[in-house]
Amino acid sequence: MNITEERALPWRAELRNSMKAKERTDIPRVEMPAQDPKVRCTNNEEVNYGLTAEKAMQEAKRCLDCANPTCMEGCPVGIYIPKFIKHIEKGEFLEAAKTLKETSALPAVCGRVCPQEKQCEAKCVHLKMKKESVAIGHLERFAADYERESGNISIPVVAEPNGMKIAVVGSGPAGLSFAGDMAKMGYDVTVFEALHEIGGVLKYGIPEFRLPNAFVDVEIDNLRAIGVKFITNCIIGRTITIEELKADGFKGVFVGSGAGLPRFMNIKGENLVGVMSSNEYLTRVNLMDAASPDSDTPVFLGKKVAVIGGGNTAMDSVRTAKRLGADRAIIAYRRSEEEMPARLEEVHHAKEEGIEFMTLRNPIEFIGNDQGRVTHMVLQVMELGEPDASGRRSPVEVPGKTETIEIDEAIVSVGVSPNPLIPQSVMGLEITKWGTIVVDNDTMQSAVPIVFAGGDIVRGGATVILAMGDGRKAAAAMDKWIKQGLS
Amino acid sequence: MFEVEAPLIAKSRKAGHFVMVKVGEKGERIPLTIADADLAKGTITLVVQKMGVSSSKLCNLAEGEFITDMVGPLGKATHIEKFGTVVCACGGVGTAPMMPIVAALKKAGNRVITVLAARNKDLIILEEQMQELSDEVIVMTDDGSYGVKGLVTNGVESVIQREKVDLCVTIGPAIMMKFVSLLTKKYEVPTLASLNTIMVDGTGMCGACRVSVGGKTRFVCIDGPEFDAHQVDFDEMLMRLGGYRDIEREDMEKMKCASGVN
């Protein structure tokens, strides 16, 4: 059934006609209940509580069940948005969760970390009527959480096993999404992870207060339930080569090895003790649990922490620092708040938690003491000039205007380059000057036919959901490619 | 010294590679350079000296116990070719990762002179194996309890003054490599140093291992671990290595208290 036929089903039509469109659009958008900012910045528990069933059903009424659901165009994995929302409106929460899982391997994750305001919600018809969009992200989270908490977790329908082995490199969002789709099509999927934990950025990067690890584990268990196997501590290209995989009967390899080396600003004092990348800081705290007393991994607990950057990773770092006892936790960003790439909700939450925003400030030097520990940061004051290649107004120096602030820890969060391990160790791949793997845009197939790739290793630096979209696209294309080879 | 069962790593490792090792669920990930591998047994050899919490936990493992997590081989393999005469200068446990390099250099037709250095006789390791692999072994101890009294640099200098040296390779504590590098720079002998910086993931993600080489920031886990020693900013590296010393000291105290050792 296509989406038009689904929409025409009697239950949908009846539901749609049970209320006037005007009545629906007049309902104010639901507000996500959250922990008190003063309390939450002293704990590591999730900020948002999630919607109650009542609130979710009320919010679901706002959706007009459009004939041409533009929201779906905004979703990289093509979730059947009106369908799942209408199930919620009817109180069929488990059906809603099932609908999500038809196209998304990680609904509880996406409902929490997707930048909905730039994707599905940005295309919601309500915006055209100068109303707030339907809270699609909150509803997605509700349905996924409801299913998990009900203990009644549905297992997607899996095709008859076809006995063909597929390898996935990296267990982050791209790899998990790919693995889920391939397993559903009957392939024998093994995911190889370099680290000792499964989940990639969902585990080492995104903090507990935004995405609890336990929920990620549930999604991973769901993949296990449809036959996906996981091997940790194994680096494809190093521990096992692609040739060895081939010899072992693997028919296809999907590389979702993710982000790699952090970018630095190449300014004076950047290698001082106490200056580190957000990857290092978050990996220590999230993956290695360094802030807990029984962990062997150390982490600096700065009192005056500056985080440089304006993305989600910067927000995650600065809010983590606040939770680990910083008196001052500062965002230093070279553009203005309007240009910040972070999700709106993260910026909003950060402000509520007392994070200081120093915008139009660009670090030009770190100063240290005689032990090499960072003590100060020099900031160049900026102003906005003409729009640059990214379409955002570019920051320009205000000549001679600088500020020096006292800090004891600096976290550099200005982006990452793709993980260099695979590009370095797999022969025949075409690599861009940025270190990303070149793939066909439609199929995600690389110059080495057996190798497909997606996520940050192809995009440089993107979001969880874009990586998942790549995984889905690659799965469909690889399935086609393998079957063509067989015929 | 550990022999760890890891058939896949044993098969794929080359001289210069390292592994990341973690002991216990709440353990730290630490890099260790591979000293040897036995393909038939499917094992690799690691040599560890008790220094801080993590190395102590590893050393406290008894035969037959498991290392919780291990991954590799990582880093770039040593570039091996026929250079001519090569001096391999190693200090303390740095001797272990030097072993496969000495073996590979020898196999490529080089004349290999190994300088083994330690504080005293008890800390000199793998001498027999090195004697077997190298053309000549010079043993140096700080206190003169064995071999020649003096530092590793005295041993290296004696060779350079005696004959033409085409390459020097050095592995050991950062401070030792710094002085070997200063010495060979004076004599204009090209030198490689295998750096042992702090790492978290070890797979090219965190950037904790960064060092300045020739004024540029490089990553030991991906670009290294070996670099042109004359370009390495050893003072900065020493400063960064000391970054967690205070926290490490507290943790050691805690561990000692917990195990009842004083």
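Provided above is the structure to which this section pertains.
Residues numbered from 1 in each chain as written. Chains lettered and ligands numbered in written order. Predicted model: local features only at pLDDT ≥ 70, side-chain atom pairs only at ≥ 80, totals over all residues. Heavy atoms only, no water.

A tally of regular secondary structure across chain B gives nine helices and 15 strands. In terms of overall size, chain B behaves like a compact globule, its C-alpha atoms giving a radius of gyration of 18 Å where 262 residues would be expected to give roughly 18 Å. Referenced to the eigenvectors of the C-alpha coordinate spread, the extents of chain B come out at roughly 55 × 40 × 40 Å. Out of the 262 residues belonging to chain B, those deemed buried represent 55%. Within chain B, residue pairs in contact and separated by at least 24 positions form 65% of the contacts whose partners lie at least 6 positions apart. Just so you have it, chain B exposes about 11600 Å², and 52% of that area is on carbon and sulfur atoms. Placing the 30 positive and 34 negative side-chain charges of chain B at their respective mean positions leaves the two points 3 Å apart. (Helix = DSSP H or I, 4+ residues; strand = E, 2+ residues; numbered from the N terminus. Rg over C-alpha atoms; globule rule 2.2 N^0.38 Å. Buried < 20%, exposed > 50% of the residue type's maximum accessible area, 1.4 Å probe, protein only. Contact = heavy atoms within 4.5 Å. Areas by Shrake-Rupley, 256 points an atom, 1.4 Å probe, with all protein chains shown as cover. Lys, Arg positive; Asp, Glu negative; His and termini not counted. Charge placed at Lys NZ, Arg CZ, Asp CG, Glu CD.)

A few words on the interface of chain B and chain A. Opposite the 44 residues of chain B that make contact, chain A presents 45 residues. Where chain B abuts chain A, roughly 3700 Å² becomes buried across the two surfaces, and 56% of that area is made up of carbon and sulfur atoms. Looking only at chain B, the three residues that lose the most surface to chain A are B:Lys26, B:Met205 and B:Tyr244, adding up to 20% of its buried area. Here chain B is connected to chain A by three salt bridges. Counting the contacts that link chain B with chain A gives 21 residue pairs in polar contact (both at pLDDT 80 or more). (Buried area = accessible area lost by both parts, 1.4 Å probe. Salt bridge = Lys/Arg side-chain N within 4 Å of Asp/Glu carboxyl O. Polar contact = N/O pair within 3.5 Å; in protein donor to acceptor, adjacent residues only side chain to side chain.)

Further remarks concern the pairing of strand S7 (residues 85-91) of chain B. Residue and element names in this part refer to chain B. The buried count for S7 comes to seven of seven residues, which makes it a mostly enclosed element. Every second residue of S7 is oriented toward a common face, with Thr85, Val87, Ala89 and Gly91 on one face and Val86, Cys88 and Cys90 on the other, all of them buried. The pairing of S7 with strand S8 (residues 111-118) spans seven bridges and is classified as parallel. Its bridge partner being in S8, Ala89 is matched across the sheet by Val115. What joins S7 to S8 is helix H3 (residues 95-107), and the crossover it makes is right-handed. Pairing analysis gives five bridges linking S7 to strand S11 (residues 167-171), with the strands arranged parallel. Paired with Ala89 across the two strands is Thr170, which belongs to S11. (Pairing = 2+ DSSP bridges. Right-handed = clockwise from strand over helix to strand, strands pointing away.)

Residue and element names in this part refer to chain A. Across the interface, helix H7 (residues 81-89) lies against helix H11 (residues 136-150) with an axial gap of 10 Å and an inter-helix angle of 60°. H11 is crossed by H7, and the crossing has left-handed handedness. Taking contact as the criterion, the partners of Ile81, Phe84, Ile85 and Ile88 in H7 are, on H11, Ile136, Leu139, Glu140, Phe142 and Ala143. Tallied by class, the residues present in the contact of H7 with H11 amount to eight nonpolar, no polar and one charged. (Axes fitted to C-alpha atoms, helices over the stretch in contact; angles between N-to-C directions. Left-handed = near helix turned anticlockwise from the far one by under 90°. Nonpolar A, V, L, I, M, F, W, Y, C, P; charged D, E, K, R; others polar.)

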